[in-house]
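Residue strings, one per chain:
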Amino acid sequence: MKEYLACLTKDARTILLAYGGGSIKRNGVYDEITGILKEAGKVIVEFPGIMPNPTYAKVQEGAKLARDYPALNPRFALMDPTYTFSVPEKQMVSGSFDILSHIMETYFSEPNEDNVSDDHEHLRYGSQQPDGKSGGF
């Protein structure tokens, strides 16, 4: 992990550490990563408590962090799949399927068309779609 973090963060002074809570601390990942980053002299900005289906308030909290620290907008995400072994199997499988479904919808969508995630966003906020329809399919 140390060599990967050093390579990925060499040009960054401040690092945003976004995580859920329980398992990252129980399995030692949190201590390992924060230790490496502190040893490298990085400033760590934390965004803890992210749940699988975040509340509006949590999303707003993340948006505020993005405004306060614009240089922290993510350029990559790092995950060692062995760390997922500390969560219940059903959660790991559901998360893996969710990732795969988003990859597939992006791959099979035309570049200029909304995919399912975009349609969901329109429905959720009742926004106008490019074709003039309001909030939906």
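Our subject is the structure listed above.
As a starting point, this report considers the structure included with it. Values in this document were obtained by computation on a predicted structure and should not be read as measured data.

1. Re the side chain of Lys58
Piece 1. Here Lys58 shows up in helix 4 (residues 56-68).
Piece 2. We classify Lys58 as buried; its relative accessible area is 12%.
Piece 3. Apart from residues no more than four positions distant in its own chain, Lys58 is found in contact with Phe47, Pro48, Gly49, Ile50 and Met51.

2. Remarks on helix 3 (residues 29-39)
Piece 1. For helix 3, the complete set of buried residues consists of Val29, Tyr30, Ile33, Thr34, Ile36 and Leu37. Within helix 3, the buried residues cover an arc of 160° as seen down the axis, which keeps them to one side. Residues Asp31, Lys38 and Glu39 are exposed on helix 3 and point more than 90 degrees away from its buried face.
Piece 2. The positive-phi residue at the C-terminal boundary of helix 3 is Gly41, with phi of around 80°.

3. Topic: the pattern of salt bridges
Piece 1. Taken as a whole and assessed by the stated rule, the structure comprises 2 salt bridges.
Piece 2. The partner of Lys64 in a salt bridge is Asp68, with the nearest N and O atoms 2.6 Å apart. Taken together, the positions of Lys64 and Asp68, both in helix 4 and 4 residues apart, correspond to about one turn of that helix.
Piece 3. Its relative accessible area of 45% is what places Lys64 among the partly exposed residues.
Piece 4. On the basis of relative accessible area, Asp68 is assigned to the partly exposed category, the value being 44%.

Rules of the game
Residues numbered from 1 in each chain as written. Predicted model: local features only at pLDDT ≥ 70, side-chain atom pairs only at ≥ 80, totals over all residues. Heavy atoms only, no water. Helix = DSSP H or I, 4+ residues; strand = E, 2+ residues; numbered from the N terminus. Buried < 20%, exposed > 50% of the residue type's maximum accessible area, 1.4 Å probe, protein only. Contact = heavy atoms within 4.5 Å. Arc of directions from axis to C-beta. Salt bridge = Lys/Arg side-chain N within 4 Å of Asp/Glu carboxyl O.

These figures capture arrangement, not role.
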